[in-house]
Amino acid sequence: MTEIERVFDLSGRSAVVTGAASGIGRAAAEVLAAAGARVGLGDIDGEGAEAVACGIREAGGEAFARAADIQVRSEVDALVAQAAEEWNGLDVMCNVAGVASDGPLAELEEAEVDRVIAINLKGTLFGCQAAVKAMRASGGGSIINVASGAIDLPTPNYGLYALTKAAVTQLSQTLAVEVGGDGIRVNVLAPGVTLTRFTERHMLAEDGSVDRARYDAFVSGMEGRSPIGRVGEAIDQAWLILYLASEASRFCTGQVWRANGGTTMPR
Ligand SMILES: NC(=O)c1ccc[n+]([C@@H]2O[C@H](COP(=O)([O-])OP(=O)(O)OC[C@H]3O[C@@H](n4cnc5c(N)ncnc54)[C@H](O)[C@@H]3O)[C@@H](O)[C@H]2O)c1
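Small disclaimer: the values here were computed from a predicted structure and weren't measured.

Over the atoms rolls a probe the size of a water molecule, and its path tells where empty space is left. In this structure, the second largest pocket occupies an estimated 180 Å³ of space. Around the second largest pocket, the lining residues are Arg73, Asp77, Val80, Ala81, Ala84, Glu85, Gln129, Ala130, Lys133 and Ala134. Broken down by secondary-structure element, the contributors of at least two residues to the lining of the second largest pocket are helix H4 (73-86) and helix H5 (110-138). Taken together, the residues of the lining of the second largest pocket break down into five nonpolar, one polar and four charged.

Here it is in structure tokens:
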């Protein structure tokens, strides 16, 4: 094995990924498993997560899936505990699950505010808390929380979503300071537009019907904001997650990482 292969090799490591039934979480679970990690996949869509885990096992990897709603602390705890018990500790936690919310701040309903904060913020916090407990017991690890490029650029109609993702960033950086001494690194991924089920809502016309032309216009508009003329694929985020999970990033904690085609460039 070369030094490069060794640094990115996750053989013998255990990982948990939330939101693993689809999109970025799915790609992350598959890439971590391909790098040798044993992966616990959690998602509110338990069947979808099981289908992904099945694919990983068929490819020779080790994985289990579990239905877990990240808003429910006991379900997140059970997901992480299963991985830590089966595989003698936890090395990598990817808090990927999240939801979109569209609409102007001035008109948001309280129920929508509660829903999005409960999933995007509380759910990520619960994932971090469960991971810290397990990682402290097994001597350290890497936590990767998914925020969004929306934290960089105030955008009409994305206010609630962006504020939950900004809070995820703050949570991650404070946690990085609190748990660094335990050998736990905490980093944030802030994806730019990445074509998944998450972006497919831009395919719907106002009456709910599928409008392919609307989607194509959305995609080409987003490509136009990138200096390299691209939008992302889930695998583009998964490669960065692999880096943050691996020893290659051992000196990196408390940072925001942007796979976004250069659409935002904060210093
Ligand atoms: N796709 C993008 O352009 C983009 C950009 C920036 C950030 N993000 C973030 O990336 C993350 C993943 O999004 P994606 O693009 O892969 O979307 P996706 O819709 O393809 O996948 C999200 C997954 O999360 C799961 N999920 C939703 N609510 C859950 C809950 N309460 N408990 C457990 N699982 C739940 C869904 O079932 C789904 O499998 C999200 O946090 C999203 O905010 C996405």
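What follows continues from the structure just given.
Attention shifts here to the sheet that holds strand S9 (residues 256-257). The strand order across the open sheet built from seven strands is S3-S2-S1-S4-S5-S6-S9, with neighbouring strands paired in parallel fashion. Of all strands in the sheet, those bounded by a partner on one side alone are strand S3 (62-67) and S9. On the sheet, helix H3 (residues 46-58) packs against strand S2 (38-43) and S3 and is oriented at approximately 175 degrees with respect to S3. Relative to the sheet, H4 contacts strand S1 (14-18), S2, S3 and strand S4 (92-95), its axis offset from that of S3 by approximately 160 degrees.

With that out of the way, let us pick up the environment of tryptophan 257. Structurally, tryptophan 257 can be placed in strand S9. For the pair formed by tryptophan 257 and valine 188, sequence separation is 69 residues and the distance between their alpha carbons is 6.0 Å. In contact with tryptophan 257, not counting residues within four places along its chain, are Asn187, Val188, Leu189, Ala190, Leu240, Tyr243, Leu244 and Cys252. A polar contact is formed between the side chain of tryptophan 257 and the side chain of asparagine 187, at a distance of 3.1 Å.

Moving on to the domain arrangement of the protein chain. Often, the extent of an interface is quoted as the loss of accessible area upon association of its parts. Segmenting the protein chain into domains produces domain 1 (3-192 + 234-257) and domain 2 (196-230). For domain 1 and domain 2, the distance between their C-alpha centres works out to 25 Å. With 11 residues of domain 1 at the contact, the number on the domain 2 side is six residues. Of the roughly 640 Å² buried where domain 1 meets domain 2, counting both sides, 51% is carbon and sulfur surface.

What follows is about unusual backbone geometry. With glycine set apart, most residues show a phi of negative sign, and most peptide bonds adopt trans. A positive phi angle, near 60 degrees, is found at asparagine 88, a position not held by glycine. Take asparagine 88: its relative accessible area is 72%, and that puts it in the exposed class. A positive phi angle, near 80 degrees, is found at asparagine 157, a position not held by glycine. Inspection of the secondary structure puts asparagine 157 in the loop between strand S5 (141-146) and helix H6 (159-179). For asparagine 157, a relative accessible area of 38% translates into the label partly exposed.

Before going further, it helps to examine the packing of aromatic side chains. For the coordinates displayed, the defined rule picks out four aromatic pairs. With a centroid separation of 5.3 Å and an interplanar angle of 40 degrees, the aromatic rings of phenylalanine 64 and tryptophan 87 are classed as tilted. Highlighted residues: phenylalanine 64 in strand S3 and tryptophan 87 in the loop between H4 and S4, separated in sequence by 23 residues. Like tryptophan 87, phenylalanine 64 is buried. With a centroid separation of 6.2 Å and 25 degrees between ring planes, the pair formed by tyrosine 215 and phenylalanine 218 is classed as stacked.

Reading guide: rules and limits
- Residues numbered from 1 in each chain as written.
- Predicted model: local features only at pLDDT ≥ 70, side-chain atom pairs only at ≥ 80, totals over all residues.
- Heavy atoms only, no water.
- 1 Å grid on protein atoms, 1.4 Å probe; cavity = no way out; pocket = protein on both sides within 12 Å on 5 of 7 lines; lining within 4 Å.
- Points joined across faces, edges and corners; volume = space filled by probe spheres on them.
- Helix = DSSP H or I, 4+ residues; strand = E, 2+ residues; numbered from the N terminus.
- Nonpolar A, V, L, I, M, F, W, Y, C, P; charged D, E, K, R; others polar.
- Pairing = 2+ DSSP bridges.
- Contact = heavy atoms within 4.5 Å.
- Axes fitted to C-alpha atoms, helices over the stretch in contact; angles between N-to-C directions.
- Polar contact = N/O pair within 3.5 Å; in protein donor to acceptor, adjacent residues only side chain to side chain.
- Domains from an automatic or database assignment.
- Buried area = accessible area lost by both parts, 1.4 Å probe.
- Buried < 20%, exposed > 50% of the residue type's maximum accessible area, 1.4 Å probe, protein only.
- Phe/Tyr/Trp six-rings, centres within 6.5 Å; stacked < 30°, edge-to-face > 60°.

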